[in-house]
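# Examination of the molecular architecture
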Amino acid sequence: MPDKAKKGDWVQIHKIVLPAGERAPQVPEDTAQVPLEMKVKGTLLDQEASLGDTVSIRTAVGRVLEGTLVAINPSYDISYGPPPAELRSVGEELRKILKGGDC
């Protein structure tokens, strides 16, 4: 992964939204002891930046945000794990129902 980005590159920033101790009073105690953080991807607005620099980005929906540059050309690696066995047949069963057949 590169360690320098230039204007227009796809990047990811990190920012502390609320420090520990400033969280909402209704959050659980263990949650209140850690900061509320965000990571956001977007295009770099600064001319050039290195990992760790404070930068501005424009998100896919047009918001301009500022934070610490943590990744250049980040991937989407979200996983909710394997599908539960009970859900694997839902699509086939639904098609049968919609066609008027029995499961």
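Note that the structure is a prediction, hence the values are computed from the model and not measured. (Residues numbered from 1 in each chain as written. Predicted model: local features only at pLDDT ≥ 70, side-chain atom pairs only at ≥ 80, totals over all residues. Heavy atoms only, no water.)

So, on to the sheet that holds strand 6 (residues 64-72). The strand order around the closed barrel built from four strands is 2-3-5-6, with neighbouring strands paired in antiparallel fashion. Neighbour to neighbour, the strand axes of the sheet diverge by 55° on average, direction disregarded. (Pairing = 2+ DSSP bridges. Helix = DSSP H or I, 4+ residues; strand = E, 2+ residues; numbered from the N terminus. Axes fitted to C-alpha atoms, helices over the stretch in contact; angles between N-to-C directions.)

What follows is about the pattern of salt bridges. Applying the stated rule across the entire model yields three salt bridges. Put simply, glutamate 48 and lysine 4 hold a salt bridge, and the shortest N to O gap is 3.8 Å. You can see glutamate 48 sitting in strand 4 (residues 48-50) and its partner lysine 4 sitting in strand 1 (residues 4-6), a full 44 residues away along the chain. The class of glutamate 48 is exposed, set by a relative accessible area of 52%. Between glutamate 92 and lysine 96 there is a salt bridge, with the nearest N and O atoms lying 3.7 Å from each other. (Salt bridge = Lys/Arg side-chain N within 4 Å of Asp/Glu carboxyl O. Buried < 20%, exposed > 50% of the residue type's maximum accessible area, 1.4 Å probe, protein only.)

By the element assignment, glutamine 26 lies in the loop between strand 2 (10-18) and helix 1 (29-32). Looking at glutamine 26, the relative accessible area reads 67%, which means it is exposed. Spatially, the C-alpha atoms of glutamine 26 and glutamate 66 are 28 Å apart, while their sequence positions differ by 40 residues.

Okay, the pairing of strand 3 (residues 36-44) next. Sheet topology note: the strand 2/strand 3 ladder contains eight bridges and is antiparallel. Paired with isoleucine 13 across the strands is valine 40, a residue of strand 3. Two elements, strand 3 and strand 5 (residues 54-58), share two bridges in a ladder whose sense is antiparallel. Paired with leucine 44 across the two strands is isoleucine 57, which belongs to strand 5.

Turning to the nonpolar core, a few remarks are in order. In terms of nonpolar packing, the biggest core is built from 11 residues, these being Ala5, Val11, Ile13, Val40, Leu44, Ala49, Val55, Ile57, Leu65, Leu69 and Ile72. The set of elements that each furnish at least two residues to this core consists of strand 2, strand 3, strand 5 and strand 6. Examining the composition of this core, we find that three residues originate from one element, strand 6, more than from any other. Apart from the residues within four sequence positions on either side, leucine 44 is in contact with Ala5, Lys6, Lys7, Gly8, Asp9, Val11, Ala49, Val55, Ser56 and Ile57. (Core = buried A, V, L, I, M, F, W, Y, C linked by side-chain atoms within 4.5 Å. Contact = heavy atoms within 4.5 Å.)

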